[in-house]
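Chains, contacts and geometry: an overview
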Amino acid sequence: MREFRGRTAVVTGGGSGIGRGLALAFAGEGMNVAIADVERDAAEDAAREVEGLGVRAIAVETDVADRASVHRLADRAFDEFGGVHVLCNNAGVVTFSPIHELDEADWDWVMGVNLQGALHGVQAFLKRMVAQDEPCHIVNTASIAGLVSHPGIASYNVSKFGVVALTESLRLDLADTQVSASVLCPGGVRTRIMESDRNRPAALGGPGDFAVRAGTQAPAPIDPAEVAARVLAAIRADAPYVVTHKEQKAMVEGRFGPILAAFDAL
Ligand SMILES: NC(=O)c1ccc[n+]([C@@H]2O[C@H](COP(=O)([O-])OP(=O)(O)OC[C@H]3O[C@@H](n4cnc5c(N)ncnc54)[C@H](O)[C@@H]3O)[C@@H](O)[C@H]2O)c1
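Let me sum up the structure you'll find in this document. (Residues numbered from 1 in each chain as written. Predicted model: local features only at pLDDT ≥ 70, side-chain atom pairs only at ≥ 80, totals over all residues. Heavy atoms only, no water.)

Things to note about the site of the ligand
Near the ligand there are 30 residues, and of these Ser 16, Asp 37, Asn 90, Tyr 156 and Thr 191 occur at the shortest range. Take Asp 63: an N or O atom from its side chain is 2.9 Å from a nitrogen atom of the ligand. Separating an oxygen atom of the ligand from a side-chain N or O atom of Asn 199 is a distance of 2.9 Å. If the ligand stood free it would expose 830 Å²; the protein chains cover 97% of that surface. Looking at the shell around the ligand, the elements that each hand over two or more residues are helix H1 (17-28) and helix H5 (154-173). Looking at side-chain class alone, the shell around the ligand contains eleven nonpolar, 13 polar and six charged residues. (Near = heavy atom within 4 Å. Polar contact = N/O pair within 3.5 Å; in protein donor to acceptor, adjacent residues only side chain to side chain. Areas by Shrake-Rupley, 256 points an atom, 1.4 Å probe, with all protein chains shown as cover. Helix = DSSP H or I, 4+ residues; strand = E, 2+ residues; numbered from the N terminus. Nonpolar A, V, L, I, M, F, W, Y, C, P; charged D, E, K, R; others polar.)

Okay, here's the thing in structure tokens:
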């Protein structure tokens, strides 16, 4: 996809962090933007900032873990703008505990938002995007933890590996259509991810003591605008993977070393 002006982008988790950076970058290219977020105020605030760039924006309160909510988002975006050309399944959350201390609600919450959330986006939007028969792109936000498992965040690792597989499957199966896909695998980005349990539903344990982690970050964090610029370039180039931290290449090589060695041992 090379033409952005006048087209429409939908960004889940668009009220904060990377999603907000993506929404602003798309608006900067002249795209109209639907900002979906479980935090209505954050979505509305982001939509106002996007409109300030001279494009149309709507804020849609959406829980990506709820399939019906994502279908309502899709209906609203297609009705409002007449088409959807870029879908960013970006909303995501994390919990921090060793795997033997995670409870079932930890797994349900993280898998529900990160993996089911992306899947719900694909289910609600993809058939209509293919039927549009215009260049379209799906960007799924995984993480470097979708390429290499990290300690202490097992449910996050599992969900993000799933998001990578979902994106690879999209590219394989959509090769004969005008829809393509990329997976975003960032390292540390300056956002509110460390406080993600501010949005944890009561039925799955409720908000935790998130304020204590405010301002804490993964190493070498970069700004969401830098990530968004890489995503725009990847859409234009139809690149399958978007990474952000050069030094993390060694981690990925470290993961594949033992896998390749297992074959060599045959
Ligand atoms: N920040 C990082 O270092 C980093 C690194 C790798 C990957 N990521 C991924 O980037 C994505 C965006 O996170 P961020 O870092 O911008 O964090 P963030 O907390 O700043 O933004 C996440 C947004 O998602 C929204 N959200 C949470 N649950 C939701 C739900 N059920 N339905 C809809 N919206 C929901 C939040 O309200 C928030 O606006 C996530 O998928 C995250 O896993 C972040």
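What about the sheet that holds strand E3 (residues 57-61)?
The strand order E3-E2-E1-E4-E5-E6-E7 describes an open sheet built from seven strands, whose pairing is parallel. The sheet is open, and its two borders are formed by E3 and strand E7 (241-243), each paired with just one other strand. Each adjacent strand pair in this sheet contributes to an overall mean axis angle of 15°, direction not counted. Alignment of strand E6 (residues 179-185) against E7, held across three bridges, turns out to be parallel. Its bridge partner being in E7, Leu 184 is matched across the sheet by Val 242. (Pairing = 2+ DSSP bridges. Axes fitted to C-alpha atoms, helices over the stretch in contact; angles between N-to-C directions.)

Some points on the packing of aromatic side chains
Counted according to the given criterion, the structure contains one aromatic pair. Here the aromatic rings of Phe 78 and Phe 125 are separated by 6.0 Å at their centres, their planes lie at 40°, and the arrangement is tilted. In this pair, Phe 78 is assigned in helix H3 (residues 67-81) and Phe 125 in helix H4 (residues 104-132), connecting sequence segments 47 residues apart. Both residues of the pair, Phe 78 and Phe 125, count as buried. The aromatic ring of Phe 256 is capped on one face by Arg 255, whose charged end is 5.4 Å from the ring centroid. (Phe/Tyr/Trp six-rings, centres within 6.5 Å; stacked < 30°, edge-to-face > 60°. Buried < 20%, exposed > 50% of the residue type's maximum accessible area, 1.4 Å probe, protein only. Lys NZ or Arg CZ within 6 Å of the ring centre and 35° of its normal.)

Observations regarding the packing of H4 against H5
A pair of packed helices can be characterised by two numbers: the angle between their axes and the separation between those axes. Where H4 meets H5, the closest approach of the two axes is 8 Å, and the angle between their N-to-C directions is 15°. Here H4 lies roughly parallel to H5, going by the angle between them. You can see that H4 and H5 cross each other, and the crossing is right-handed. Here H4 contributes Asp 106, Trp 107, Val 110, Met 111, Asn 114, Leu 115, Ala 118, Leu 119, Val 122 and Leu 126 to the contact with H5, which in turn contributes Ala 154, Ser 155, Tyr 156, Val 158, Ser 159, Lys 160, Gly 162, Val 163, Leu 166 and Leu 170. Its residues assigned to classes, the contact of H4 with H5 shows 14 nonpolar, four polar and two charged. (Parallel < 35°, antiparallel > 145°, perpendicular 65-115°, else oblique. Left-handed = near helix turned anticlockwise from the far one by under 90°. Contact = heavy atoms within 4.5 Å.)

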